[in-house]
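Commentary on secondary and tertiary structure
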Amino acid sequence: LAFHLNRHDTVGVDLVAMSVNDILAQGAEPLFFLDYFACGKLDVATATQVVKGIAAGCEQAGCALIGGETAEMPGMYPPGEYDLAGFAVGAVEKSRIIDGLDIMPGDTVMGLASSGAHSNGYSLIRKIVDSSSADLSSPFDGRTLGEALLAPTRIYVKPVLALLREVHVKGLAHITGGGLVENLPRVLPGNVCAELKKSAWLRPPLFDWLQRNGNVVEAEMHRVFNCGIGMVAIVAAEHAGRTIEALQREGETVFRIGEIRSRRGDEAQTVVV
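Before going into details, it helps to say that this report is about the structure given with it. (Residues numbered from 1 in each chain as written. Predicted model: local features only at pLDDT ≥ 70, side-chain atom pairs only at ≥ 80, totals over all residues. Heavy atoms only, no water.)

All right, on to the side chain of Ser19 then. Its place among the elements puts Ser19 in helix H2 (residues 8-24). In this structure Ser19 comes out as buried when scored by relative accessible area, which is 15%. Among all residues touching Ser19, those that are not within four sequence positions of it are Phe33, Gly86, Phe87 and Ala88. (Helix = DSSP H or I, 4+ residues; strand = E, 2+ residues; numbered from the N terminus. Buried < 20%, exposed > 50% of the residue type's maximum accessible area, 1.4 Å probe, protein only. Contact = heavy atoms within 4.5 Å.)

So, in structure tokens, the structure goes:
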């Protein structure tokens, strides 16, 4: 989709976002980022767009872009295609690592709004776009459909770091591939379950469009897509109000999407009702 719409800068932002948001889930602050760009023959205009996006992502995350590698390998890649990878390094005091071990029944699950699909589920998205013969230039929710599908992944670093200075956050989950149902269990002790109420947050129209045009069942939507929640914070119930206030001051849209309860037998650790 990025190739089709010539939005290689979005690819660069997404690359940074997926790295720094993962680091953030441990309570760490991203320090620096490096990238790797490989192609058959370098297209300077495309590479410039990609690096521009990477630089923008690093600026949003407050980390430094300290270098990278550009490799030309004729015959390894078809004309116009490239391979892009990268990684970030962050730091957190050992005593402040967020590991979820003190999460307990009664805690509140807070959801930070996503900006779109966030680099996940695009195999299915491409299939839906192809099978529905969608016009990517058609108007959609105040922009074009293509722009909605390629909205850059939201970078939560600065708002969440500000939250951590005010509130004891027991768990953070970056909602990537696997959606809410597969990412939240990564931070939950084995004896608890996160019960989420899908009516508690606003699902962006993009996900309704994908579900309708792809005939995707509800359970699969929650397994593949973030469905409007890009980051989850788990806090004690008495800190829910302060959490909302702190994140809203930083420009985030945040919802109280559920609570932690005792797990019943071997049930799934995330239940969406």
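Time to look at the packing of aromatic side chains. The geometry of an aromatic ring pair is captured by two quantities: the separation of the ring centres and the angle between the planes. For the coordinates displayed, the defined rule picks out two aromatic pairs. Aromatic side chains Phe207 and Phe225 sit 6.0 Å apart centroid to centroid with 55° between the ring planes, which places their arrangement in the tilted category. One end of the pair, Phe207, is in helix H8 (residues 205-214); the other, Phe225, is in the loop between helix H9 (218-224) and strand S9 (229-235), with 18 residues separating them in the sequence. (Phe/Tyr/Trp six-rings, centres within 6.5 Å; stacked < 30°, edge-to-face > 60°.)

Here we take up the sheet that holds strand S3 (residues 82-91). An order of S2-S1-S3 is seen for the three strands of this open sheet, with the pairing classed as mixed. Because the sheet does not close on itself, it has two edges, and the strands there are strand S2 (64-72) and S3. Taking the axes of each pair of neighbouring strands and ignoring which way they run, one obtains an average angle of 15° across the sheet. Taken together, the eight bridges between strand S1 (residues 29-39) and S2 define a ladder with parallel strand orientation. Residue pairing across strands places Asp35 opposite Gly68, the latter belonging to S2. (Pairing = 2+ DSSP bridges. Axes fitted to C-alpha atoms, helices over the stretch in contact; angles between N-to-C directions.)

Attention now moves to the nonpolar core. Within the largest apolar cluster, 42 residues are counted, with the highest numbers of intra-cluster contacts made by Val20, Phe33, Ile54 and Val169. Looking at this core element by element, the count peaks at seven residues for H2. When near neighbours in sequence (up to four residues on either side) are disregarded, Val169 contacts Ile98, Leu163, Leu164, Ala233, Ile234 and Val235. (Core = buried A, V, L, I, M, F, W, Y, C linked by side-chain atoms within 4.5 Å.)

Before going further, it helps to examine the pairing of strand S7 (residues 169-174). Counting buried residues along S7, six of its six residues qualify, which places the element largely inside the surrounding structure. Here S7 pairs with S9 via five bridges, running antiparallel. Residue Gly171 lies in a different strand from S9, and its bridge partner there is Ile234.

We now examine the pattern of salt bridges. Summed over all chains, the structure comprises eleven salt bridges. With its nearest N and O atoms 3.5 Å apart, the salt bridge here joins Glu218 to Lys198. Placement of Glu218 in helix H9 and of Lys198 in the loop between strand S8 (192-196) and H8 is noted, with a sequence separation of 20 residues between them. With its nearest N and O atoms 2.7 Å apart, the salt bridge here joins Arg261 to Glu267. Like Arg261, the residue Glu267 is buried in the burial classification. In the salt-bridge network here, residues are joined through shared partners; they are Lys198, Arg203, Asp208 and Glu218. (Salt bridge = Lys/Arg side-chain N within 4 Å of Asp/Glu carboxyl O.)

With that out of the way, let us pick up the packing of helix H4 (residues 122-132) against H8. Running from N to C, H4 and H8 point in directions that differ by 60°, and their axes come no closer than 9 Å. As far as their axial angle goes, H8 and H4 are oblique. Crossing hand, H4 versus H8: left-handed. Residues Ile125, Ile128, Val129 and Ser132 of H4 pack against Trp209, Leu210, Asn213 and Gly214 of H8. Each residue belonging to the contact of H4 with H8 can be placed in one class, and the counts come to five nonpolar, three polar and no charged. (Parallel < 35°, antiparallel > 145°, perpendicular 65-115°, else oblique. Left-handed = near helix turned anticlockwise from the far one by under 90°. Nonpolar A, V, L, I, M, F, W, Y, C, P; charged D, E, K, R; others polar.)

The subject of this paragraph is helix H3 (residues 44-61). The end-to-end C-alpha distance of H3, which contains 18 residues, comes to 26 Å, matching closely the 26 Å that a straight helix rising 1.5 Å per residue would cover. Along H3, the residues classified as buried are Thr46, Ala47, Val50, Gly53, Ile54, Gly57, Cys58 and Ala61. Summarising the axial view, the buried residues of H3 lie within an arc of 135°, below the 170-degree limit, and thus occupy one face. Exposed side chains of H3 directed beyond 90 degrees from the buried face belong to Val44, Ala45, Lys52 and Glu59. (Expected span 1.5 Å × (residues − 1). Arc of directions from axis to C-beta.)

Our focus in this paragraph is unusual backbone geometry. Phi angles above zero are rare outside glycine, and Ser133 is one such case at about 50°. Within the element layout of this structure, Ser133 appears in the loop between H4 and strand S5 (139-140). Look at Asp141: it is not a glycine, yet its phi comes out positive at around 50°. In this fold, Asp141 is placed in the loop between S5 and strand S6 (143-144).

Remember, this is a structural readout, not a statement about activity or role.
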